[in-house]
Amino acid sequence: MEDVLDLYEQPYEPGIPQICFDERPWQLIGENRIRIPAEPGQLQRYDYEYIKEGTCNLFAFFEPKTGWRHIKVTHQRTAIDFAHCMKDLVDGFFPEATLIRVVLDNLNTHTPAALYKAFTP
């Protein structure tokens, strides 16, 4: 744990970004009823009923030291999707970096094997 804390105490180096990465499922919902417009002294009102429109997955990249962030929306969360996110991180967002430190949780798709599933060695 001390090693992780040491990373945040170091000064920012543009060539060595520290990126936090996580994902979460998200339910897509639609409106089922027409909203009742606001009137003087009354806020806009709407019913709590909604239509289920499916789900999606949100992949989030965040660099705490600079405030940079990016969200990628996908249909699902697989090892191959994770591998493509890592490729976007390296080739798209930080192509000039000499080293990228990525902070991940221990989800089963966050493995080096995911890169071999998606790309040829």
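Overview of the structure. These figures come from a predicted structure and were not determined experimentally.

Structural notes on the overall build of the protein chain
1) Next: Helices and strands together make up the secondary structure of the protein chain, namely three helices and four strands.
2) Next: What you see for the protein chain is a C-alpha radius of gyration of 20 Å, clearly larger than the 14 Å of a compact globule of 121 residues, by over 25%.
3) Next: C-alpha atoms of the protein chain, sized along the principal axes, occupy 60 × 35 × 30 Å.
4) Next: By residue count, 20% of the 121 residues in the protein chain fall in the buried class.
5) Next: Across the protein chain, every contact between residues at least 6 apart in sequence was considered, and the portion connecting residues at least 24 apart equals 64%.
6) Next: Roughly 9,000 Å² of accessible area belongs to the protein chain as shown, and the carbon and sulfur atoms make up 56% of that amount.
7) Next: Each charge sign in the protein chain was given a centre, from 12 positive and 18 negative side chains, and these centres are 7 Å apart.

Observations concerning the sheet that holds strand β4 (residues 101-103)
1) Next: The mixed open sheet is built from four strands, whose spatial order is β3-β2-β1-β4. The open sheet has two edge strands with one neighbour each: β3 (68-74) and β4. Strand-to-strand, the axes of this sheet are offset by a mean angle of 30°, without reference to chain direction.
2) Next: Relative to the sheet, helix α2 (residues 79-93) contacts β1 (18-31), β2 (50-63), β3 and β4, its axis offset from that of β2 by approximately 45°.

Comments concerning the pattern of salt bridges
1) Next: Considering all chains together, one arrives at two salt bridges under this definition.
2) Next: Note that K87 is salt-bridged to D91, the shortest N-O span being 2.6 Å. Pair noted here: K87 and D91 are both in helix α2, with a separation of four residues, about one helical turn.

Re empty space enclosed by the protein
1) Next: Scanning the model with the defined rule gives one cavity of 30 Å³ or more in all.
2) Next: If you add up the space inside the largest cavity, you get close to 70 Å³.
3) Next: Partitioned by chemical class, the residues of the lining of the largest cavity number three nonpolar, two polar and four charged.

Here's the deal with the side chain of T74
1) Next: Within the secondary structure, T74 sits in strand β3.
2) Next: Accessibility expressed as a relative area gives 14% for T74, which makes it buried.
3) Next: Engagement of the side chain of T74 in a polar contact is seen with the backbone oxygen of Q76, the distance being 2.7 Å.
4) Next: With near-sequence residues (within four places) excluded, T74 lies in contact with C56, N57 and F59.

Section: the nonpolar core
1) Next: Membership of the largest hydrophobic core is limited to 11 residues, which are I19, F21, F59, F61, A79, F82, C85, M86, L89, F94 and A114.
2) Next: Among the secondary structure elements, those contributing two or more residues to this core are β1, β2 and α2.
3) Next: Broken down by element, the residue count for this core peaks at five residues, all from α2.
4) Next: Filtering out sequence-adjacent residues up to four positions away, F82 remains in contact with F21, F59, L104, T109, H110, T111 and A114.

Calculation criteria
Residues numbered from 1 in each chain as written. Predicted model: local features only at pLDDT ≥ 70, side-chain atom pairs only at ≥ 80, totals over all residues. Heavy atoms only, no water. Helix = DSSP H or I, 4+ residues; strand = E, 2+ residues; numbered from the N terminus. Rg over C-alpha atoms; globule rule 2.2 N^0.38 Å. Buried < 20%, exposed > 50% of the residue type's maximum accessible area, 1.4 Å probe, protein only. Contact = heavy atoms within 4.5 Å. Areas by Shrake-Rupley, 256 points an atom, 1.4 Å probe, with all protein chains shown as cover. Lys, Arg positive; Asp, Glu negative; His and termini not counted. Charge placed at Lys NZ, Arg CZ, Asp CG, Glu CD. Pairing = 2+ DSSP bridges. Axes fitted to C-alpha atoms, helices over the stretch in contact; angles between N-to-C directions. Salt bridge = Lys/Arg side-chain N within 4 Å of Asp/Glu carboxyl O. 1 Å grid on protein atoms, 1.4 Å probe; cavity = no way out; pocket = protein on both sides within 12 Å on 5 of 7 lines; lining within 4 Å. Points joined across faces, edges and corners; volume = space filled by probe spheres on them. Nonpolar A, V, L, I, M, F, W, Y, C, P; charged D, E, K, R; others polar. Polar contact = N/O pair within 3.5 Å; in protein donor to acceptor, adjacent residues only side chain to side chain. Core = buried A, V, L, I, M, F, W, Y, C linked by side-chain atoms within 4.5 Å.

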